Every structure is written in structure tokens, then in C-alpha cells.
Amino acid sequence: MTGDQTYRRADGGAIDRSRPLSFQFDGRRYRGYQGDTLAAALLANGVRLVGRSFKYHRPRGILSAGPEEPNALVELRGGARREPNSRATVAELFDGLEARSQNRFPSLSFDVLALNGLLAPLFAAGFYYKTFMWPAAFWEKLYEPLIRRAAGLGRASGLPDPDRYEKATAFCDLLVIGAGPAGLAAALVAGRSGLRVILAEQDFALGGRLLSDRRWIDGRPAIDWVAGVVDELGTMTDVRVLTRTSVIGAYDSGTYAAVERVADHLAEPPPFQPRQRLWRIVARRSVLAAGAIERPLVFGDNDRPGVMLAGAVRGYLNRFAVRPGARAVVFANNDEGARTVADLAAAGVAVAALVDPRPEAAAETRRIVEAAGARLLRGAQVVRARGGTRLTAVELAGVAPGSGIDPVIPCDLLAMSGGWNPTVQLTSHHGGKPVWDATIAGFVPGTVPPGMVVVGAAAGHFILADDLAQGAQAGAAAAQALGVTAAPVPGFSADPETAAILPLWRVPGARGKSFIDFQNDVAVSDVALAEREGFRAVEHLKRYTTLGMATDQGKTANVNGLAVMAELTARSISETGTTTARPPFTPTALGALAGHHRGPDFRPTRLTPGHDWAAEQGARFIEAGAWMRAQAFPQAGDADLQATIDREVLAVRQAVGLCDVTTLGKIDLQGPDVAEFLDRIYINGWKTLAVGRVRYGVMLREDGFVQDDGTTARLGPDHYLMTTTTANAGSVFRHLEFCHQVLWPDLDLRFISVTEQWAQYALAGPRARDVLAGIVDPGFDLDNAAFPHLAATETRVCDGVPARLFRISFSGELAYEIAVPARYGDALARRLMRQGADHGITPYGLEALNILRLEKGHVAGAELNGQTTARDLGFERMMSTRKDYIGRVMARRPALLAPDRPCLVGLRPVAATATLSGGAHLIARGAVANAAADQGHVTSVGASATLGHWIGLGLLANGRARWGEIVRAVDPLRGQDTEVEIVSPLFYDPEGKRLHA
Amino acid sequence: MSGDCFSIFTLLRQAWTGQGGLKPMWREPEPKSAYDAVIVGGGGHGLATAYYLAKEHGMSNIAVLEKGWIGSGNVGRNTTIVRSNYLLPGNIPFYEHSLKLWEGLEQEINYNAMVSQRGVINLFHSDAQRDDHVRRGNAMRLHGVDAVLLDREGVRQRAPFLDFDHARFPIHGGLLQPRGGTVRHDAVAWGYARAADRRGVDIVQNCAVTGIRVEAGRVIGVETSRGLIRAPRVGLACAGNSSRVAAMAGLRLPIESHVLTAFVSEALKPLINTVITFGAGHFYISQSDKGGLVFGASIDGYNSYAQRGNLPTIEDSCEEAMALIPALGRLRLLRHWSGIMDMSMDGSPIIDRTPIAGLYLNAGWCIGGFKATPASGWCFAHLIARDTPHPVAAAYRLDRFATGHLLDEAGTGADVTMH
């Protein structure tokens, strides 16, 4: 029966028969047309069995024609583009499309895990919680791997997604969600009123249900009316229509997220196009016109392929020109039944019966059924669907005995309608609880997000003419609310209809399993079990049975499930309540939410002005926060990285080195109160700092622990320049902003980060002055007396380039830092290299920088770890007692003053050749290495070329009193246990003579 | 008391008889007018506390009062990760105690919470971060806790789908705790509730505490939507609502309430067989037994009681997901949801007495309370029963912010957005 579109109608529908498309399902080739969904094309080719259910692996077909589809999930595309769990009902057909069924082994028609179905009595809701416990060790080794393999649905490719995604932000007066009749009318009037409108429609065509039902508006076919509206909207420059765009979430402040499937209807995105685009839409008002989703009826084996929602059946008949079956029965508890019978008959599908549990039928219904040659079975119900991989017959109850009607009706299509659930999910994203409306037997919006109006079927109104009027009025109301004169609200007429319903939550006397949540295989018996076991709250019901937790998020299941629970607990549906809908409304590709922020573009990459110069020097770069910094500059003769580092260190100690220190935070502060401000920020005093001088400072967090250290220079009477560590540049600036704006707005100063405005280099080593002399103005006196250690000035270098010159040293050598405007950064580095060539100038990277500072016992990130106090790090004497400063009081808390706190020490291995490792813990000699003996840890280590052995810094309990003691650096992770001597952290030139040279 | 003991035999019998013999997992009792102790909050911590009070301390005339349905808070909304890979000596023994309780939980409460020790890997992306992780791993080992240092290849072996080729922040290695893993979160609440119920504890749902009655510096009971309930001991285990409930007793807590969002993808066949955390951001991911990828990241960063997050954080979280695992691009987010976190000022919890005699506080779990559930219950029960802290929770004092005995694992200070 899988011929070439055997089930396609000869004419009609919104498909383009002039554009045939070829596609594959499970390796078999089929044909469809442009305008088809995969589901429509499969149905056209007579394919009924499409998937397997989650737990029992029951054969499943196509239930719906929209995003609510629980059954027809397939793996779409192949290779790295494989998309598991794709709903065939919304997948647009394209030429060459490949789809495979999923969650079956070895094949769709013969699935060995269907055995689970036989064990269904054991695999009831909550089964897992009660078993797999014996013996205890078997869970992870045996049971869980089996369960994990059996569970899940489709397979991820496991390969990097080759497509691009992007994000866009849009602002509008009115966001209209859904382009069915109400949404189109709203957009039309709002657009005519001159509002900036965004109309978002998840489908690739506008019209909503009008595409699927044979309706009339203003005396012409509804699809013609749609075409007219679409044309008019197209002429409005302030109206943006986004098709293939699902609004997935309503967030705070009128922000909505929407995903536009830019290229999902193509085999691959065209060049320079993303696959999908995330829209962040900020809307002053919104109209939710998202329609409604039809409910299945709950009877025995209601999951057989061929059992479909009546509205979907009409959609396949009318929009896609597909007959979903050859012989149909219609089962409905509302007036949609007759409409479905009429459409089936019009399409040439034999209709055996309309089964309607309601005792009475309208005359119009009787007329339609009679005209279709079908039987009208009032007061009857379908109790069971027969068949395996496709429907063969339905069994009825309530057929009068002796009426001559066989209670088993052969058919291959059952169109069912249990009524409609308004699509209220977006209204709940701000916590609003939908309200039960007995007249429609459905939940309608309760409290909605600010600025939102709900219209049409989404608001529980199922009469077309009313929906159009409501939409139009909402468009006008939005204009008025925004102070714009609204365009006139047109009147609409539509063909007459009724929407009466008699709730039927489960068919009594059903035989077989009556499914509520198809995908997760939750049946009435599971809800009953949950009730018996006390899981009566709707959220308990959901979590215990997994009702509503499948990929469809219960769009077809939730209301039936909670209604059954209400019946079982003899409560009303209102009392029972409903679960909370969460974003996204429809499952959304993670790639779209990430946009282009992946791979190298995950976060911005910051490069210093001297980056290219460093690269030319052979630098190896390494991530330092967002920056890329030179780790080292390997040269051909270096044996390994350590040799490079040693060479660079020795060059600084013996000649001169050049290091790019641009990444250190620079904050320019100006104003008469800067000194007072700094006094309050830093632990040490700043009022005595003279113009042209630099001072080292330490600042605390409010909780009394060290935040950061660095130097601040006074460049003029009211002009200071602060440097921070690279890592804390952002947090220190934020801290200063907080202190100024919130704590002391009265202080008269301004400051700004100038990290990126200035390139800065350290020139360090005994020959530094000789090199520098070549670039400063001839008159500039670099002499020790004229420009001593901790001097600073604004000057010019390289014949007129404005510069800031600081005599500061991280290495402990005679050293300067030279800052020039960023655009001169590259040139300055090159000039200094030329200038220093005769002096043996050597560029050095982060590794050498680290060794140099270790040799001098300077603290850095591993010591400034947010857990250390100024006392811990040996800054106690800097803590002024003559002024107040941030963190002063909290630093006096007893635990921060405890004498046995770990404090900064130097470490040298007892064995000259031993290495040290960062992160090792310090344990007394002879003690068992355990937590009780833990006295501290090794913070930073390195091989000192200057000293010829490894050195380290550490934090050791009462460490300052323990110089000369030998302890162990224990590193169980790496299996190391090394004896180390506790020494002064000042390994090299403890008197500091070299920096005054 | 209700419910049968589950065994393979009872299960088969139930299967045979259409599950007709099963009884409610817990009763739905009317609250009594007085108890020996009352726990406010029917989440994981409150239910575990009740269970251990009954089991370990023989206090069965007690009640758990829950304003909604049990397990409706953070125990039902988390990323299900359990681990004890902490740094500080005040934390490691507590979380290790918790992990040990997890390991025996199913046999203890006769309920399968699917404790799955599939390992937790904390990735590091720089030498400095490696040293930090090594420091922590060594602290764990010195406490007798399992920890393994993985190099880049070791990580690749366990998680080949991570971005090893084009990462902005390359993976240098990871710290693995093999005994860490995941637990079916809802089942923890239900299992403890059922086990507590079987020991006579009254679990009272839909009973909101509206006041805390104090006389002469002693708590004497709580006012509820279902009347006054007297109790000489009242334990608060209210997570994100801790500040609001404590305020009923005039207490101001060193806690801010923040919103945290968690995420789950559609169900997939097994892809991620462990728990992975991203070190170049704040992101953690695992795969549930049902097949969904469960992940989370940072709090939104503003104080809120609204159980919803916003797009900037949601996008940021998904960016981290894609940066870590580029294969996630075509997989779909099914749902994100948000809970309210009781963020303490040092990132560690409080299990302590309060200035009001008989009123006990269990709060400040930040974004990591789930893994603590068993030990939190164990230690809170000990505190309530004996009025003295349990040794492994002795550091969780309320006055530590005054004394400075902080438990600031990450060294971020009183900045809750960094915890």
C-alpha cells in the first residue's frame, strides 16, 4: 500500500503539484510535493506506522498535524546534521529529505523491545522506584545501563553541529503571536493604525486553522480572505511578518523569545545564512492568538496508527490534499464531528459512522451524516481500537441491542475529537494560573503577563466570526493604549457554526490500555495507580507517572490526565488544578539559544596592541582571562619550554628583558578627592603621595579579605593612575564604582578604565636604563637621583609620542614601565627591541614573569585567592591605624586575626634536584598525611634559573614563625611527597638593592 | 502508617493483581494540635530531617508542614548532582557524610532513588585553575575522599564529545570524583516521605505556616493555615523562603533569595555518561536515565522570589553548553524552570540554633542543596533532638559571619553571584 501517493487527492489543497519532491523514510524512497510536511507526504504514500513509544515501544502513527505531535517523531537528516525527535507533522518536506524512525530495534515493524508491552503490568507508573534495588550493587552495573539504553528516544549525532545560528533583537509596539484568523485581524487593524507590528507564525503559511478547514469569511473562501490580509500586511512598512517563527517564551519587561527556522525547510542553509535565528522581541503590547490544540479521546488502545485527531484529519484532507485513510469512523464529543464527516465525504473517504456519546444530535449533524452515507451513533462510544501496526476496526459500546448495528466497525481511520484546549502556555510563563471554563471544557488564561491580551481560540472562543472581531478589537485597543488613533474595526461575517461539547475524559468500559500521554505511555491505569499511592497533586501526578513530560510537554495529554485524576479523587477540575507551563513553548535547538557564541567565539578574545609583534617574535600564547598573553618566546636553540623560561629569566637578571604588561587593569582617577578616595579604598595611606611618585597599595573586600594589589601613581595634583592585576581589572573597577556611587557620592572625583587605551611594557634588568635612554627625550634625566625607584611621570618618548613612565619593578630588577597610547603599542615594542639589541634585550612571557616574581616573593593570583587576609600575606604593617578603609572592621573579626592562620612562606625543596607542585598540601614531617595533619598548601611553584633549584610560595599555619623548619609537600593526586624547607618568601636580593641600581 | 515494604515479590504480586493492593506512599493526616517537634518545609531537607528524627532519635510524634505539595521546591527542581568534592575542612566531612548516606539510601529507605555514581568531572582550562583543582583534590584525598586528576587525554577518553579542537578556553584536564553522580531528585522527597510516614511522622501538605509563636524567648509553636500547632521545637527548612519564614520570628538572616534556572533537553539515547562541569564559566551537565540532558549554570543575579529566569542568563547558559559540547546544537531544549535559592554570604549553609530557644535553622544552601539532602537531614535532626550541632556540621554556624569563621570555598567573598 505504499505506492506513489495513492492517498493523494487529485486536486485541491495548498500543495504545489508542479514541484514534486523526493524523500526517504527508513531507507525507502517516496514522493511528495512542495508545501507538504513530512507527515502529510507519508500519509499520502500510505505510510501509517511512523514511530515507537517511549516505554512499551508500541507502534505509533501520526496523531496530529502540528507541534503538539507526541507520536510521529523521527530522526531527520544524517551525519552531523542528524536531528533526533523531530516531529514529522511540522517538518517541511524538501527534496532529498531523509528521515528514519527511532527508538526501535531492529526495525520499525519488528521491535524486540515491544516485549515491554507484555510486561506492562509490571512496568506501571513508578515501577522504577520500587525495584532494581536488589542486590544493591546491581543498579549501576546492570539495571541502569539497560534502562538507559532502552530509554531515550532518538540518537544524537555526537558530532559538532556544522550550521550557524544567530541572534537578533527587535522592538515593536505590538507582537502578535499566531497568524490564524484572530491574529491576522489583530495585526491588520494594528498595522492600519500605524503601529510597529511583529506578527509571528510558527507555520510556513499564514492562516492557522483556516488553512485546514473549509470556512467562509465575508462571503468568500477563508483562504482567499487570508491571502488578501497577507497582501495588505505586505504593503505596511512597519509590519514585519515572521513565518516559521515560534514564540517560545514570555519573559520580564515585555521581552519575548522567538525562534525563526530560517533554513530548516532546506537541505542545508544557503551560504551566509544561519540555520535558525533567535529573536529577542521587546514589545510594548502583545496579542496572544495561538489558537487551540485538540484533545484525544481516551479509550482502549487509542494509540493505534490510524487513530488521529479530527482537526488533523481535516487538515490533511483540505490543506495537503491527502486522505489519511480509506474507510473512516469519526468519534467526537462535540460539534467538530459533523464537520469532519463532511470533509471526509467531500474527499471521497468512506465514512462508516459518526460515534457521538451525546444523546441528542442537531438536525444539521443528521443531515451531514446522512449525506455522507454514514451512520449516526448517538450515545455510543468507541471502547477499543483494533489492529497492530495499523488500525483495522473499532469496537463500540452504547449501540442499542437489536438495532442491527455491528458493534465492531472495520475501518483504517478513526478521527477523534475530545474538544479543544486553548493554547495558554505563554500566559503561564509569568506564573499565571489558567482557569477552568466548564462551557468549553478547557482551561482559559488566568492572569496573563503584563501587556498581553489573549484572543480567539487561545482565549477559549471557538466561533470564527467572534475570533475575527476579537482580534481586530485587540489590534485597535493596542493602538489606543499606546496613544495612537486606532483604525476602524471592520465587521466580519463567517459561515455559521456551533461549538457545543459534553466532556468525556475517559470512555467507561474501555478495553485494553487507554492512553493519555501517548509518547510516555501513560495510561488511565497509571493515573489510577498514582491516585492510589497518594500522588494526587497534579505535580505529583506528573512527576510520578511522567504525564506531560515528553517532548510535547503534555499538549495533548495534560488536561485529560488531570481530568481523570479529578474524577478519581471526586474533585472538580478547578480544585485539581493544572501544572505550570514553562518555556520553551516548543522544543528549541540549543544552537539557536547559543547563537554564534561557540568555539573560538564563545567569548571575546582580547589582544594587546603588541600582539602581532609578539607573534613575530615566536611567542606561544596562552589564555589569561579574556586576553591572550605571551606565555614564552621559544627560540630555535631552546631545548624545551623550561629552557626558554630559564633563558628569559636570566636575560632579565643579567641584561634586560621586555614584557607586555598591557593587560594589567588601568584606572584613571581625577579630581580633588582622589587621595581621600584612595585612602578609603586601600589599607595604606595616600595623602602623602607626592606628584611624580608611585605607591604600592593593597585593597580589601568589604569582608576584610584581600581583593587586589597594585600600584597607583600620582601624575598631577588631581590626577592619579591605578593599576590592578589582570584578573581583577573588572571587579576592582566595579568595586570603585560601587564605593563612589553608593557609599561616597559626595567625594569629588571621576574615574574611568583606560586599560585598552594604553599599551604598556615592562623593561627590566640591569641594562634597562641604557635601553630606555635611547627613546626618552635627550633632556630627560633617568639618573637614580632624578628618577628614582617609585618615580612616575608623563613625558614623551620616541621623538614626541606621549608616554607615561613609571619606575616600578615586579621582577626585583632595575625596571621601568612605559605606557603609550594603544596605537603606538606595536611600534614601541619594535623600537625598544631595536634600541636594546646591543644590550641583549630579550622578550619574556608570563612564565618568566612568574618565576621572577616568585624569586622576589611577590604575591599573585594563587595567593590573592580571596581567602587570604592582608596579615596572611605579610601586609600587616601596611594596614593604617590612622584612617578608616573598606574591610577594616571585618578584617578584625576573631577568625581573621587567629595566630595559627596559614600565612605566606617561601618553600625550597630539601633535595636540590626535587621539584615542587602547586596544590600540594603541607604536612609535618613524620605525621600521617591526613586532614588532621593538614597545615596549609603550596600556592605557586617554579624552577628558578637564578637560584638553580625549584622554589615555591605557600600558605602555612603560623608560617612566619617556622622559617628553617622542614615539612612535607604532599600531593596524593600525583603521588608526590617532597620534603621542603620553610624559608623567607624573599628568595633573591632580599635587601632590594637591585631595583635601586 | 501506610504502604508495604517493596520487594521483588510484592511487585510481582501487584503486577498480577493490577496494582490494586498498593496503598498511598504516605498518609494525608489532619494536623494534630501539638507535636514534640515540627519541621517547616516539606522539601528534601525537611523530609530527611523528619525521617532521621524518627529513625535515629526516636522522635516520631513530629510533623512536617508543607504549604503546597511535598517536594515542590528545589528538591523537585535541580540538576540532580551529588558529590563531595569540596575544599574546606568545614565542608568536606559534611558532604562526604552525605555521599555515604546516598550510597546506602535505597536499602535504608526501601525506595529506589536511582543513585547513580557515574562520576563528576570538574574541567580546568589553565595551569592556575589546575593548581586550584589539585589543591582541592588533595584536600579531599587527605580527608579520605576519592579524587583523581585527569589530564586532557583522560578527559577525552571519558567525554570525547567535548570541544577539544576549537575551544576558546582549551580543556587542560579535570578533577574527577568517581563516586559523585546523580540521583532521581523527586524520588528523594517521596522516598524520605514514605519512610518517615512509616515511622509515624505526620506529613501535612497544604498547610502554610503563617506565624511563629514565641513566648519568653522560647518557641512554642507555629500558626498555620490550618490552625495553631504547638511544638517545643521547630525546625525551619524553607530554602528560598527561609528569610520570609524566619522573619515571622523576627530574625533577619544573612541570606539573599535569588533565582536559578535549570534546563532539560528532549530525551536521547545515551550520550553523556558522567557529570561534567565547565571551568571557563559556570556550567554543569549530565544525562538522566530517561535520556534528557540536564544542565544548569549561574543564578540570574538579582534578588527575586519569582520562579522564572530571564533570557540573558538562559542564553548565557546555552552558550556555555555549546562552547563545551558543540554536538548539542541540533538537540532541543525541552524545558527550563527556575527555583529560588537561599544564597548565604559565604556560599555555605547554616545548620544552627537561633537566638530563640527551640527554633532551629537549616538554610543558606545556595545552588547546591540537593547533594546535601541526606546529611542535612541527618545533622538537622541531631541538632533538633539534642540541641547541639552534629560534628560534621559544626562549622555551619549562624554567627560565623560575625566571628569570621567563613566557609568561602571559592574565595569570592560576600558576592552571591559568584557562589
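A.B. asks: So what about the overall build of chain A? Which residues, and what values?
C.D. replies: When you go through chain A residue by residue, the secondary structure sums to 23 helices and 50 strands. Taking the principal axes of its C-alpha atoms as reference, chain A extends roughly 120 × 75 × 55 Å. Taken over 997 residues, chain A has a buried fraction of 62%. The long-range fraction of contacts in chain A, counting pairs at least 24 apart against all pairs at least 6 apart in sequence, stands at 67%. Surface exposure of chain A reaches about 35400 Å², of which carbon and sulfur atoms provide 53%. Within chain A, the 105 negative side-chain charges are centred at a point lying 3 Å from the centre of the 108 positive side-chain charges.

A.B. asks: Give a description of unusual backbone geometry that names residues and reports values.
C.D. replies: Residues and elements named next belong to chain A. Along the chain, F105 connects to P106 via a cis peptide bond; the corresponding omega equals 0°. Mapped onto the fold, P106 is located in the loop between β7 (97-101) and α2 (115-118). Of note, the amide linkage connecting P583 to P584 takes the cis form, showing an omega dihedral of -5°. Inspection of the secondary structure assignment puts P584 in the loop between α14 (573-576) and β31 (588-589). Phi is positive for H57, which is not a glycine, with a value near 55°. Here H57 shows up in the loop between β3 (51-52) and β4 (59-60).

A.B. asks: Describe in detail the domain arrangement of chain B, supporting the description with residues and values.
C.D. replies: Residue and element names in this part refer to chain B. The domain boundaries assigned to chain B delineate domain 1 (25-81 + 185-255 + 346-418) and domain 2 (108-183 + 256-343). Measuring from the centre of the C-alpha atoms in domain 1 to the corresponding centre in domain 2 gives 27 Å. The partner domain 2 presents 35 residues to the 34 residues of domain 1 that form the contact. Scanning the region where domain 1 abuts domain 2 turns up one salt bridge. Across the pair K55 and E108 runs a salt bridge, and its minimum N-O distance is 2.7 Å. Seen at the junction of domain 1 and domain 2, the total is eleven residue pairs in polar contact (both at pLDDT 80 or more). Within the residue set of the side of domain 1 that touches domain 2, elements represented by two or more residues are α2 (44-57), α7 (185-198) and α8 (242-247). Among the elements that take part in the side of domain 1 that touches domain 2, α7 stands out by supplying eight residues, more than any other. For the side of domain 1 that touches domain 2, the per-class residue count stands at 17 nonpolar, twelve polar and five charged.

A.B. asks: Would you mind going over the nonpolar core in detail, with residue names and values included?
C.D. replies: Within the largest apolar cluster, 186 residues are counted, with the highest numbers of intra-cluster contacts made by A:L38, A:F299, A:Y316, B:F94 and B:Y111. In terms of residue count, α7(B) provides more of this core than any other element does, eight residues in total. Counting contributing residues, this core receives three or more from each of domain 1 (25-81 + 185-255 + 346-418) and domain 2 (108-183 + 256-343) of chain B. What B:F94 contacts, discounting residues up to four positions off in sequence, is B:I351, B:W365, B:A372, B:A375, B:S376, B:C379, B:V392, B:A393 and B:Y396. In this structure, A:A592, B:F161, B:I276 and B:F278 belong to the second largest nonpolar core, which totals 45 residues.

A.B. asks: Lay out the sheet that holds strand β20 (residues 375-378) of chain A with the relevant residues and their values.
C.D. replies: Residues and elements named next belong to chain A. Taken in spatial order, the five strands make up an open sheet running β17-β24-β18-β19-β20, and their pairing is parallel. Where the open sheet ends on each side, the last strands, each with one partner, are β17 (307-309) and β20. Sheet twist, expressed as the mean angle between neighbouring strand axes with direction ignored, is 20°. Here β17 runs beside strand β24 (residues 413-417); their pairing, made up of three bridges, is parallel. Across the sheet, the residue bridging to V307 is L414, located in β24. Across the sheet, helix α7 (residues 310-318) touches β17 and β24, and the angle it forms with β17 is around 85°.

A.B. asks: Requested: an account of the packing of aromatic side chains, with residues and values cited.
C.D. replies: Scanning all chains against the criterion turns up 36 aromatic pairs over all chains. Where A:Y129 meets B:Y111, the ring centres are 5.7 Å apart and the plane angle is 10°; that geometry is what we call stacked. Here A:Y129, found in helix α3 (residues 127-130), pairs with B:Y111, found in the loop between α4 (105-109) and β4 (120-124), and the two come from separate chains. The exposure class of A:Y129 is buried, given its relative accessible area of 4%. Their ring planes at 0° and their centres at 3.9 Å tell us that B:Y86 and B:Y95 sit as a pair that is stacked. Each member of the pair, B:Y86 together with B:Y95, is buried. Put simply, the rings of A:Y129, A:F535, A:Y544, B:W26, B:Y111 and B:W190 pair up and form one aromatic cluster. One cation-aromatic arrangement involves A:R48 over A:Y7; the distance from NZ or CZ to the ring centre is 4.5 Å. The residue whose ring lies beneath A:R60 is A:F515, and the NZ or CZ to ring-centre distance is 4.9 Å.

A.B. asks: So what's going on with the sheet that holds strand β8 (residues 202-204) of chain B? Which residues, and what values?
C.D. replies: Residue and element names in this part refer to chain B. Taking strand neighbours across the sheet as the criterion, the six strands line up as β8-β2-β1-β12-β19-β18 in an open arrangement whose pairing is mixed. On the outer flanks of this sheet lie β8 and β18 (350-353), each paired with one strand and no other. Strand-to-strand twist of the sheet, defined as the mean angle between neighbouring strand axes without regard to direction, takes the value 15°. Two strands pair when backbone bridges link them, and strand β1 (residues 37-40) and strand β2 (residues 62-65) are joined in this way by four bridges, in the parallel orientation. Note that in β2 the partner of A37 across the bridge is I62.

A.B. asks: Please set out the interface of chain B and chain A residue by residue, giving values where relevant.
C.D. replies: Between chain B and chain A, the residue contacts involve 115 residues of the former and 123 residues of the latter. Between chain B and chain A, the buried area comes to about 9900 Å², and carbon and sulfur atoms account for 56% of it. Three residues, B:L142, B:R168 and B:R330, lead the burial of chain B against chain A; their summed loss comes to 10% of the area buried on that side. Remark: the boundary between chain B and chain A carries 15 salt bridges. A:K167 is paired through a salt bridge with B:E315; the nearest N and O atoms lie 2.8 Å apart. Here chain B is connected to chain A by 67 residue pairs in polar contact (both at pLDDT 80 or more). For the side of chain B that touches chain A, the leading source of residues is helix α5 (residues 127-142) of chain B, giving eleven residues. In this sheet, strand β17 (residues 332-344) of chain B lies alongside β31(A) in antiparallel orientation, the contact comprising two bridges. Opposite A:A589, over in β17(B), you have B:R332 as the bridge partner.

A.B. asks: How would you sum up α7(B)? Please name residues and give values.
C.D. replies: All names here are of chain B. Helix length check: α7 (14 residues) gives 20 Å between terminal C-alpha atoms against 20 Å at 1.5 Å per residue, within 8%. Counted residue by residue, α7 has 13 buried out of 14 residues, so it is predominantly covered. One or two residues past the end of α7 sits G200, with phi positive at roughly 95°.

Parameters at a glance
Residues numbered from 1 in each chain as written. Chains lettered and ligands numbered in written order. Predicted model: local features only at pLDDT ≥ 70, side-chain atom pairs only at ≥ 80, totals over all residues. Heavy atoms only, no water. Helix = DSSP H or I, 4+ residues; strand = E, 2+ residues; numbered from the N terminus. Buried < 20%, exposed > 50% of the residue type's maximum accessible area, 1.4 Å probe, protein only. Contact = heavy atoms within 4.5 Å. Areas by Shrake-Rupley, 256 points an atom, 1.4 Å probe, with all protein chains shown as cover. Lys, Arg positive; Asp, Glu negative; His and termini not counted. Charge placed at Lys NZ, Arg CZ, Asp CG, Glu CD. Domains from an automatic or database assignment. Salt bridge = Lys/Arg side-chain N within 4 Å of Asp/Glu carboxyl O. Polar contact = N/O pair within 3.5 Å; in protein donor to acceptor, adjacent residues only side chain to side chain. Nonpolar A, V, L, I, M, F, W, Y, C, P; charged D, E, K, R; others polar. Core = buried A, V, L, I, M, F, W, Y, C linked by side-chain atoms within 4.5 Å. Pairing = 2+ DSSP bridges. Axes fitted to C-alpha atoms, helices over the stretch in contact; angles between N-to-C directions. Phe/Tyr/Trp six-rings, centres within 6.5 Å; stacked < 30°, edge-to-face > 60°. Lys NZ or Arg CZ within 6 Å of the ring centre and 35° of its normal. Buried area = accessible area lost by both parts, 1.4 Å probe. Expected span 1.5 Å × (residues − 1).

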